[in-house]
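Close look at the chain arrangement
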Amino acid sequence: MSKIKIYMGVPSTGTRVDAQCYALREIAERYKDQVELIYPEHCAFRFFHDYSRCEIVDEFLASDCDVLWFLDSDVVPPKHILDLITSHYDKWECAGAAYPIFMPIPGSSGEDAVVQFTAYSGLAGQGIRLSEIPPKGTAFIDGLATGCLFIKRGVFAKLEKPYFEFKYDKESRKMTEGEDLGFCLKASKLGIKFFTDFSMLCAHYKNVNLLQVNNYAIDHSNNRIKSYDSEIRPQIEASIKAVREAAFKKGFEEGKKAAFKQPISPNGIILPSAYK
């Protein structure tokens, strides 16, 4: 069986995290008998992400590679990431792995950032939902971010250019749709789902606001405590009630038995045992 050729699409302004370089060396060695990683002549695209990705797609289509692997320069995949290729290749058109992002919840005021994972659901007119904690196992979902995404050649034959595109509000010029979400929406309209294995979570190296991280950690811990309290408190209260009822019933029965051992007067009144 010939090796599956993977074209490495690494959008970058010229830098990559060291951990990614080390990880890719180990991955290449691990899968060397089944997969061949093909690198472009240059990995630096000093342009916006959407333009860079479109240029990378053109390079991929001009090659003889089977799959395009978008891997952002700040994302480090797990060592077994290419199991998506070697074990599940015939199942999917697009596949990938989720990774954490630290950002405001879409639609919120944007003041507080939270950790979410880039596994999308609800693209069909429902608004996107990011996973807080991905479930276990494998699944087909509505979308994955392009930071670690495998796309087969045939997908681009179904799409029109530009494959990736930033969209902006005409008046405010605020971004309304990122290039990765836009790609997911286009794929979704074609009925293409994204295959993922939730055991394959990537590391994501970012510069973040440590004050926001601290606030998030405190809020997250408090919310976990509140969630635990709301779940466990009713169970504890029910147990306490059951124990009290059982104790009361037991005490009542023993009280009746003790009462019938007391002297009883002719008119049926229970007399104290000391009564003579």
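Now for a look at the structure at hand. Predicted model only: the values in this text are computed from it and were never measured.

Cut-offs applied
Residues numbered from 1 in each chain as written. Predicted model: local features only at pLDDT ≥ 70, side-chain atom pairs only at ≥ 80, totals over all residues. Heavy atoms only, no water. Salt bridge = Lys/Arg side-chain N within 4 Å of Asp/Glu carboxyl O. Helix = DSSP H or I, 4+ residues; strand = E, 2+ residues; numbered from the N terminus. Buried < 20%, exposed > 50% of the residue type's maximum accessible area, 1.4 Å probe, protein only. Pairing = 2+ DSSP bridges. Axes fitted to C-alpha atoms, helices over the stretch in contact; angles between N-to-C directions. Polar contact = N/O pair within 3.5 Å; in protein donor to acceptor, adjacent residues only side chain to side chain. Contact = heavy atoms within 4.5 Å.

**Notes on the pattern of salt bridges**
- Evaluated as defined, the whole model comprises ten salt bridges.
- Of the charged contacts, one joins lysine 79 and glutamate 26 as a salt bridge, the two residues approaching to 3.4 Å between their closest N and O atoms. In this pair, lysine 79 sits in the loop between β4 (75-76) and α3 (83-86) while glutamate 26 sits in helix α1 (residues 18-30), placing the two residues 53 residues apart along the sequence.
- For lysine 79, a relative accessible area of 48% puts it in the partly exposed group.
- Residue classification places glutamate 26 among the partly exposed residues on the basis of a relative accessible area of 39%.

**As for the sheet that holds strand β11 (residues 148-152)**
- The strand order across the open sheet formed by seven strands is β2-β1-β3-β11-β5-β14-β9, and the pairing between neighbours is mixed. Two strands close off the open sheet at either side, each with one partner strand: β2 (35-38) and β9 (138-141). The average undirected angle you get between the axes of adjacent strands in this sheet is 25 degrees.
- Examined bridge by bridge, strand β3 (residues 67-71) and β11 share five bridges and lie antiparallel to one another.

**Some details on the side chain of threonine 118**
- Mapped onto the fold, threonine 118 is located in strand β7 (residues 113-121).
- Accessibility expressed as a relative area gives 2% for threonine 118, which makes it buried.
- One polar contact links the side chain of threonine 118 to the main-chain amide nitrogen of tyrosine 99, over a distance of 3.1 Å.
- Ignoring any residue separated from it by four or fewer positions in sequence, one finds threonine 118 in contact with Ala98, Tyr99, Ile101, Leu130, Gly143, Leu144 and Ala145.

**Let's talk about unusual backbone geometry**
- Cis geometry is adopted by the peptide bond preceding proline 162, which originates at lysine 161 and carries an omega value of -5 degrees.
- Tracing the chain through its elements places proline 162 in the loop between α4 (153-158) and β12 (167-168).
- One non-glycine residue, arginine 173, lies in the positive phi region at around 65 degrees.

**Some words on the side chain of serine 73**
- Following the sequence through the fold, serine 73 ends up in the loop between β3 and β4.
- Assessed through its relative accessible area of 15%, serine 73 is described here as buried.

**Topic: the environment of tyrosine 31**
- In this fold, tyrosine 31 is placed in the loop between α1 and β2.
- Residues tyrosine 31 and isoleucine 85 lie 54 residues apart in sequence; the distance between their C-alpha atoms is 9.9 Å.
- Dropping the residues within four chain positions of it, tyrosine 31 is found in contact with Lys79, His80, Ile81, Leu82, Asp83 and Thr86.

**A few points about the pairing of β3**
- The buried fraction of β3 is high, at five of five residues.
- Side chains Val67, Trp69 and Leu71 project from β3 onto one buried face, and the interleaved Leu68 and Phe70 project onto a second face that is buried too.
- With four bridges connecting them, strand β1 (residues 4-9) and β3 associate as parallel partners. Looking at the pairing, tyrosine 7 lines up with leucine 68 of β3.

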